[in-house]
Each structure stands twice: as structure tokens, then as C-alpha cells.
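Inside the fold
What follows is the residue order along each chain.
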Amino acid sequence: MKIGLSKFLSENLSVSLDPDFRSQLFESAVAVKGSVASIARHIGVHPCSVRRWRNGISFPKLTFLKKVADVAGVSEEEVYKNIVSVTAKRKSNAIPFVRELVVDEEFTEWFGLWKGDGCIRKALYDVAFSNEDPELHRFFMRMLQERFGFSKHLFYVSLRVPDSVQVDVQRLRVSWSKELELPLNRVKNYTKPSLGIVADLFASSAALAWLLKALEGPLEKTIEKSSAEIKRAYLRGYYAAEGSVDTRNHGIMISGKNFEELLFISRLLNSIKIQHRFHFYDTFGQIRVVSWQIREFQKLVGFGVNKKRQRALEKLVRSHEQHRLPQELRLAQIYKEATHQKDVTISRLMKRLNLSHERVRGLLHVLVDQRILCVDKRRRSHKFYLVNNIAGTENRHG
């Protein structure tokens, strides 16, 4: 699948044209208007600006370039065909103009990775990605270079080192410089409260930031309408950035404050038939893949380029299957517990059967759906009773 990028270019971006086309364009405009000063008055700029654009000294904004093309009788399509690079602030931070973006599984995984741990910084208006794993940073850099023609000299890294960690900062900088193959002067450090050492990777290009901001919404809509492979690739990238393996409760989680993004993840999981639970809290939301779906999650999604979490997932699947009995046997165990006691609770069954909260809760609701158990929700700790026992008690009292 390919997306044309011409319609996503902001008119506030400055563009560089092919030299031959640029000369012909301005010559034609001068021939129509009679002078550079007349062109400048027509589009509302100083004549010096038009001369600098004509000579390739500076880049005109796309909105002004369209006015010049209109004077010269050149179509917008012809202008877009001859754009070489785009920039927003400094000429040195220009990026090549890629006319078509290939949206395949690899790019979609990169996009999911960036949506999980990346952002567009408003202060400097560049593209940022934060993580502690150098492998993810290398993948992020490679995709920007391959798909957007991004120059490596525009990358720089800022290391967040918490106060509580005693570390040789210079050695840390050298290590990251080697990992990402960046000059040492492109790797900085600063102290900030955090849980561990995190590397913030920045792609210093406002033009790239503007382009990604314009592409963000359309790309999500395209992914949601695409094949299952594309959806799985996006989830793979997002979970590589934001996912975690819960070994205690045998589950896979992601949490975040962006409820719209979490709802999008939930819809993608539903579309590939991965069962999960969505919990809303006051300030954040959480999606948990249920324990009996972790093997399916491993098969269809996984953690992609995050090898550390991928190994943790494989270990969890092995551990889970060693202790997992068929559902029929677990239901029989719970029924037996309910017959020997007046009522059962989730916490009591967790201790008796050595199962996670989520697993016990799911099994109990299976029995509730089958009308074998009923639930009393009047207390915080829900109690479950055998339906037959309640019916027998009512008959005796009747």
C-alpha cells in the first residue's frame, strides 16, 4: 500500500525545487509581471526574498511558491513533482521530499512503536522517541532513514540519569554512542527523576514533525481498514514500546492516559480475536490480555523488536502451560470447593487453586453463566453461592 505525501505537506513548510525547474518558473513569472518587484508586490513579500528564492539562496514557503506558479501559469502538480526537499526552520535541517510512502508491515510496526513511546515536542518541534533499549532506537533510526530519507547527522540523544543511580556518565555516553553509531558530541546527559536510565532520541527536523503530525490520523484510519497482518504489525510495535509481562497474574498489559489510543488498541485486538479486558480508572486506562489468550497473543502479535520482553513472554507461556489444567477440571475444582463451604470468594480460591485473580474470576463467571453459581455483589469482596443450596434454603424456610 502506498500513500501520496503531497496532500499532507503544510503550506507553511519551505521547499527546495529542482534548479532547472526553479529557473524556468521564475523566468516565466518575471516575463508575465515584468519585474521581480511586481511579483513581490503580487504575493506580498519583499523583492529581496524573491531574488533569493530565484537564486536558490533561501527556500520559499509552499504558499508563496504556489502564488508564483499561478503567475507563471504552472500547475500545482508540476510544482510538487519538482520539490526536492522540505524544511520548516533551518535550511540545514531540510529532509528529502518522498512523494510516496510505502505502508507495509515493517513501517506499520515502526509507527506503532513511535505511537507507544514517541511524540512530537512542541517546544522545539522535532520528533522524539524514549526507551531504555538500544535495539528499539536502532530500528527507529533505520526506518526514518529508509522511509523518509532522514540524515543521520540530524539525530541526537539525551540520557536521563536519575539522582539515585550511581553511574559513570562518561562511560554511559560512550556506550550509547557506540550502540547507535553516533558521534559522542551528539549524546548528552541530564539528571531527572525517573525509574531508571532512559535514552531520549530526537530527530531534529520540524518538517518531519509537521509531516508526521499530518499523517497520524489518516494512518490510523488506514491501519484499521487494512488486513490482519497490518493490524498485527501495529500492535507488535505498540506492545514493544508500551507493553509489559505480568508474571504474577499471567497476563500482558498496557497502560496509558490517552483513552482514545487505548480504545484504538482494543478495537485492533478485537478485530484479530484476541480476548482482553479494558479497565478505566480516574486518570488512566489499562488493557490486559487474559491469561488463556497469552499463547495466541504470542503467535499473532508478540513484542517484535523488543527481544527482552519477547523472551519474558516465551517464559510466561511455558510457565503458564505447565500449571494450566483443562477448564473442565478447574470448574470441577471450584464446584467442589463451593459444595464444601457456604460461599466462596475470589481471593480464597486464588490461594486454594494457586491461580491468578483474572483466571479465577473468569472461571467463576463461567459457572454463573451456566446458572450453577450465583453472585452476591453487595459487598466489596463478591461472594459466590451454589444455586441449588439457595433454592434448598428457600424451600425449607417456605
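Once a new chain begins, its residue numbering starts again from 1 and follows that chain's sequence as written. With pLDDT at 70 or above as the cut-off, local features in this predicted model cover only qualifying residues; side-chain atom pairs require 80 or more to be listed or tallied, and sums for whole chains, interfaces and linings still use all residues. Computation of side-chain values covers all heavy atoms of the structure but excludes hydrogens and water.

1. Thoughts on the packing of aromatic side chains
A pair of aromatic rings is counted whenever rings of Phe, Tyr or Trp (Trp by its six-membered ring) have centres within 6.5 Å, and the orientation is called stacked for planes under 30 degrees apart, edge-to-face for over 60 and tilted otherwise. All chains considered together, the criterion is met by 19 aromatic pairs. Arranged with centres 4.9 Å apart and planes meeting at 25 degrees, the rings of Y281 and F284 form a pair that is stacked. Remark: exposure states derive from per-residue accessible area (1.4 Å probe, protein chains only) relative to the maximum for the residue type, with buried under 20%, exposed over 50%, and partly exposed in between. According to the relative accessible area criterion, F284 is partly exposed, its value standing at 31%. Here, a charge over a ring means that NZ of Lys or CZ of Arg falls within 6 Å of the ring centre while also lying within 35 degrees of the ring normal. When the ring centre of F202 is taken as reference, the NZ or CZ atom of R121 above it lies at 4.0 Å.

2. Quick notes on the side chain of H137
The numbering of helices and of strands both runs from the N terminus, where a helix is a DSSP run of H or I of at least 4 residues and a strand a run of E of at least 2. For H137, the position within the fold is in helix α7 (residues 134–148). With a relative accessible area of 0%, H137 lands in the buried category. There is a polar contact of 3.0 Å between the side chain of H137 and the backbone oxygen of D133. For this analysis, a polar contact is any N or O atom pair within 3.5 Å, provided that within protein one partner can donate a hydrogen and the other can accept it, and provided that sequence-adjacent residues contribute only side-chain to side-chain pairs. Looking at H137, its side chain comes within polar contact range of the main-chain oxygen of A199, at 3.0 Å. If sequence neighbours within four positions are ignored, H137 has contacts with F129, N131, E132, W176, L180, A199 and L201. By definition in these notes, contact holds between two residues if any of their heavy atoms fall within 4.5 Å.

3. Focus: the sheet that holds strand β3 (residues 83–87)
At least two bridges found by DSSP between two strands is the condition for calling them paired. One open sheet holds the 3 strands; their spatial order is β2-β3-β4, and the pairing between them is antiparallel. Looking at the sheet topology across the chains shown, the edges are occupied by β2 (14–17) and β4 (95–96). The pairing of β2 with β3 spans 4 bridges and is classified as antiparallel. Of the residues in β3, the one forming a bridge with L17 is I83.

4. What to know about the confidence of the model for the protein chain
Known as pLDDT, the predictor's per-residue confidence is scaled from 0 to 100. Scored by pLDDT, the protein chain comes out at a mean of 87, with 93% of its residues at no less than 70. Between residues 391–398, whose pLDDT stays under 50, and residues either more than four places distant or in other chains, the model counts 0 contacts.

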